[in-house]
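A structural walkthrough
Here is how the chains run, residue by residue.
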Amino acid sequence: MDLPIAIFLVVLLVFVLTALFGAPYVPSSNKEVKKAFKNLYSLGRKDLLIDLGSGDGKVLKTAHEFGAKSIGIEVNPLLVWISKFRLRKFKDTQVLCRDFYRYNFPAETTVVYVFGDGRDMSRIVRYIERQTTKLDHPIYLVSHAFEAEGHKLIKQYRAYFLYKISPEKKEKK
Ligand SMILES: C[S@@+](CC[C@H](N)C(=O)[O-])C[C@H]1O[C@@H](n2cnc3c(N)ncnc32)[C@H](O)[C@@H]1O
């Protein structure tokens, strides 16, 4: 088999296998993400943004441009490699190669971005609820393309939805 064909097949296999974890790779538009944050949530130096499934790192780059720190969690090692390379000069961004459901948010997390898959949305929302409960403070969620059922929509800009996910109340014994 020719080398270029072998490389193509390996890359294809990585994308097919990692799509089993959740939403396939479809990048957000840089311009639209910027406009979405300007309209929905004022990102700034006070923020730590987590991008669940960070793809090629576009959203992390946008967070940097707003002065925010960010962490991308991405299961596809090729996309992790590409985003680490693209963001190599930014000290305030980090990309981790893993399944985001196995990741615990750092205490400073203020906002989560997700461009998921309709079928996964309720699982993703439950996961964010568990994280806010662990941290015991609310976290803003900017969801692209899918609404978070069971949560009050604060604001919408085109296909971007803003929510505030609060910790679940612990029952008194
Ligand atoms: C629709 S793309 C969005 C990429 C990026 N957030 C953006 O908006 O440009 C979804 C990304 O999530 C990744 N992904 C899906 N399920 C995942 C999981 N359970 N853990 C980590 N990454 C995941 C995919 O590999 C893909 O790159």
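Worth saying up front: this structure is predicted, and the values here are computed from it rather than measured. (Residues numbered from 1 in each chain as written. Predicted model: local features only at pLDDT ≥ 70, side-chain atom pairs only at ≥ 80, totals over all residues.)

**What about the site of the ligand?**
Close to the ligand lie 23 residues, the nearest being G22, S28, G53, G55 and V75. Of all the secondary-structure elements, those providing two or more residues to the shell around the ligand are α3 (58–65) and β2 (69–74). The class makeup of the residues in the shell around the ligand is 12 nonpolar, seven polar and four charged. (Near = placed C-beta within 6 Å. Helix = DSSP H or I, 4+ residues; strand = E, 2+ residues; numbered from the N terminus. Nonpolar A, V, L, I, M, F, W, Y, C, P; charged D, E, K, R; others polar.)

**Observations regarding α3**
In terms of burial, α3 is a largely internal element, six of the eight residues being buried. Regarding α3, the residues found buried are K58, V59, L60, T62, A63 and H64. Contacts made by the buried residues of α3 are with α2 (30–40), β1 (48–52), β2, α4 (77–86), β3 (93–97) and β4 (111–114). (Buried ≥ 20, exposed ≤ 12 C-beta atoms within 10 Å, placed from the backbone. Contact = placed C-beta atoms within 7 Å.)

**With respect to the environment of L135**
Looking at where L135 falls in the secondary structure, it is placed in helix α5 (residues 121–135). Judged by local crowding, L135 falls into the partly exposed class, with 16 C-beta atoms found within 10 Å. C-alpha separation for the pair L135 and N104, spaced 31 residues apart in sequence, amounts to 9.5 Å.

**Observations concerning unusual backbone geometry**
For residues that are not glycine, phi is negative in most cases, and the peptide bond is trans in most cases. For D136, which is not a glycine, the phi torsion comes out positive at approximately 60 degrees. Even without being a glycine, R158 presents a positive backbone phi close to 45 degrees. Mapped onto the elements, R158 comes out in the loop between β6 (155–157) and β7 (160–165). A tally of 12 C-beta atoms within 10 Å means that R158 is categorised as exposed.

**Describing the sheet that holds β7**
Taking strand neighbours across the sheet as the criterion, the seven strands line up as β3-β2-β1-β4-β5-β7-β6 in an open arrangement whose pairing is mixed. Single-partner strands in this sheet number two, and they are β3 and β6. When strand polarity is set aside, the average angle formed by the axes of neighbouring strands in this sheet is 20 degrees. Strand direction decides the pairing type here: β2 and β3, joined by five bridges, are parallel. Bridged to I71 within β3 is Q94. (Pairing = 2+ DSSP bridges. Axes fitted to C-alpha atoms, helices over the stretch in contact; angles between N-to-C directions.)

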